[in-house]
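One letter stands for each residue in the lines below.
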Amino acid sequence: MSRFTFIHAADLHLGTRFHGLATRDEATARHFAEATRTALGRLVDRTIEAKAAFLLLAGDIYDGEWQDLSTGLDFASQMARLAREDIPVFTLRGNHDALSIVRREITLPDNVKEFSTEAPETVELDELRVAIHGQGFAERSCPENLASRYPPPRAGWFNIGLLHTSLDGRPGHGSYAPCTPADLVARGYDYWALGHSHAFEMVSESDPMIVYPGNLQGRSIREQGGKGAVSVTVEDGRIIGAAERLIVDGGRFFQIAIDIDGMEDVPDLWSRLSERFADAVEQKSEAVHAARIVISGKGSIHDALVAMGNDNRTAEAQAAADRQRDDIRIEKVVLRSAPATGRHTDRLAEDGFDLETLLSSAAADPDVQDKIAEAMAQIGRHMTGGADHFQTETGAILAEARATLLARAEEE
Ligand SMILES: [Mn+2]
């Protein structure tokens, strides 16, 4: 009886810079900046602990061309840890680290095999009777269906397809080696180790098992929850049981939505928010958590919330988190609430000047929205991370502007 375990990861995105964190806490900012490296270190720990036969990395190892050599050096040193344990690594390039994009290089230990970007290649592991087929991206865009050109399986062996793909079919339309699950099934392999989608997904449970492990580390509030790799065990040429998720992320994003409806005063909001933190994240997670708080609803406390200003709201949300746990940092507090209905309309509609209606119609005006988008883009051009990394939802900006104006009008 032969039995072995392999680990499959993808989308490490080493070199990712975290811009999105609103926190001014430097230690947290640093923690997230290092999170992709931390996650890789933990992946290697887990691979060694599992005495894995090999490690598969299905593309987007790097987020883009290295800012400096430390990005490549870090990967090389982690691969060397596996080399010293005689664990081979099979990798290929995805759209983010295509051959034409990541040009800098550093010598990797001999245990690392990178698949060609010119044609599909097969590596055979004689002792395990495993054949691994793969081809990487030469350019950022890869409109060809790479999978359809992968070679036939080696009969009687355990065959693995390593592929970076968006798996969205439609040849000629997709840019990321488009193909369908049916194309993959047709190759006749036992396992497809995919990369590209950042969400964990069991595309197919068996015959063949097709898996997106998701990225190794969430990169923004859009990538929430635990991140990591999968571990698969093969006995006598067949997969035993389900793929096991190995969560290795060093920082994790999550969101709490809270409605101010019916709340009597602002402290009420913070105490309810605090309760929500109690069970919002797993108790024994090694990751630091970045929380986005979205405040919505209509209520009498809205004006007071606006008047507090963003820094104070963020600090109160942080204090509410700290009352429960010490591993949560507030990423951002988004204020989407509105004043209790009616009040402003009545008072401000005097003298034929209806501020609320005026602001509501402005908010719905495409020209106003365009102007805001343009203003945000202009600000973005002056920021290292570009406009993507801060509040760009026009609706939210308008809601806050409207709330601020109404609160000021109320004061006067
Ligand atoms: Mn990708």
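The rules we used
- Residues numbered from 1 in each chain as written.
- Predicted model: local features only at pLDDT ≥ 70, side-chain atom pairs only at ≥ 80, totals over all residues.
- Heavy atoms only, no water.
- Donors = N, O, S within 2.8 Å, 3.2 Å for Na, K, Ca; no water.
- Helix = DSSP H or I, 4+ residues; strand = E, 2+ residues; numbered from the N terminus.
- Buried < 20%, exposed > 50% of the residue type's maximum accessible area, 1.4 Å probe, protein only.
- Core = buried A, V, L, I, M, F, W, Y, C linked by side-chain atoms within 4.5 Å.
- Contact = heavy atoms within 4.5 Å.
- Polar contact = N/O pair within 3.5 Å; in protein donor to acceptor, adjacent residues only side chain to side chain.
- Phe/Tyr/Trp six-rings, centres within 6.5 Å; stacked < 30°, edge-to-face > 60°.
- Axes fitted to C-alpha atoms, helices over the stretch in contact; angles between N-to-C directions.
- Parallel < 35°, antiparallel > 145°, perpendicular 65-115°, else oblique.
- Left-handed = near helix turned anticlockwise from the far one by under 90°.
- Nonpolar A, V, L, I, M, F, W, Y, C, P; charged D, E, K, R; others polar.
- Salt bridge = Lys/Arg side-chain N within 4 Å of Asp/Glu carboxyl O.

(A) A look at the coordination of the manganese ion. Ligation of the manganese ion by protein atoms is provided by D60 (OD), N95 (OD1), H164 (NE2) and H196 (ND1), these donors lying 2.1 to 2.3 Å from the ion. For the manganese ion, the single-chain donor residues occur in sequence as D-x34-N-x68-H-x31-H. Within this pair, whereas N95 is found in the loop between β3 (89-91) and β4 (112-114), its partner H164 is found in strand β7 (residues 158-164), the two being separated by 69 residues in sequence. Of the two residues, N95 and H164, neither departs from the other in class, the shared state being buried.

(B) Expanded view of the nonpolar core. Among the nonpolar cores identified, the biggest contains 67 residues, and F6, L43, F54, I132, I160 and Y191 are the most heavily contacted of them. Look past the residues within four positions of Y191 in its chain and what remains in contact with it is F6, H8, F158, N159, I160, G161, P208, M209, V211, V230, V232 and I239. Formed by 24 residues, the second largest nonpolar core is a distinct cluster that contains V266, W270, A317 and V333.

(C) Examining the environment of F277 more closely. On the secondary structure map, F277 appears in helix α5 (residues 266-278). Here F277 falls in the buried class, since its relative accessible area comes to 0%. For F277 and R323, which are 46 residues apart along the polypeptide, the C-alpha to C-alpha distance reads 8.9 Å. Filtering out sequence-adjacent residues up to four positions away, F277 remains in contact with F254, I256, A291, I293, A317, A320, A321, Q324, R325, I328 and I330.

(D) Structural view of the side chain of N95. You can call N95 buried: its relative accessible area is 5%. Within the local environment of N95, its side chain forms a polar contact with the side chain of H196, the two groups lying 3.2 Å apart. When neighbours within four sequence positions are excluded, N95 is seen to be in contact with D60, I101, F137, R140, H164, Y176 and H196.

(E) Seen up close, the packing of aromatic side chains. In total, this model carries twelve aromatic pairs according to the counting rule given. On the basis of an interplanar angle of 5° and a centroid distance of 5.2 Å, the ring pair of F6 and F54 is categorised as stacked. Of this pair, F6 sits in strand β1 (residues 3-9) while F54 sits in strand β2 (residues 54-57), and the two are 48 residues apart along the sequence. An identical accessibility class is assigned to F6 and F54; each is buried. With centroids separated by 6.3 Å and ring planes inclined at 55°, the aromatic side chains of F6 and F158 adopt a geometry described as tilted. Here F158 lies in strand β7 and F6 lies in strand β1, a separation of 152 residues in the sequence. Of the residues examined, F6 reaches a relative accessible area of 0% and is grouped as buried.

(F) Molecular detail of the packing of α5 against helix α7 (residues 310-322). Viewed as axis vectors pointing N to C, α5 and α7 meet at an angle of 45°, and their least axial separation amounts to 8 Å. The angle between α5 and α7 places the two elements in the oblique class. Classified by chirality, the crossing of α7 by α5 is right-handed. Residue-level inspection shows W270, L273, S274 and F277 of α5 in contact with α7, the latter providing R313, E316, A317, A320 and A321. Looking at the contact of α5 with α7 residue by residue, the class counts come to six nonpolar, one polar and two charged.

(G) Region of interest: the pattern of salt bridges. Taken as a whole and assessed by the stated rule, the structure comprises eleven salt bridges. Note that R219 is salt-bridged to D63, the shortest N-O span being 2.7 Å. Here the residue R219 occupies a position in the loop between β10 (209-212) and β11 (228-235), and D63 occupies one in the loop between β2 and α3 (69-84), the gap between them amounting to 156 residues. Assessed through its relative accessible area of 22%, R219 is described here as partly exposed. Owing to a relative accessible area of 22%, D63 belongs among the partly exposed residues under this scheme. Here E121 and K113 are joined by a salt bridge, their closest N and O atoms 2.8 Å apart.

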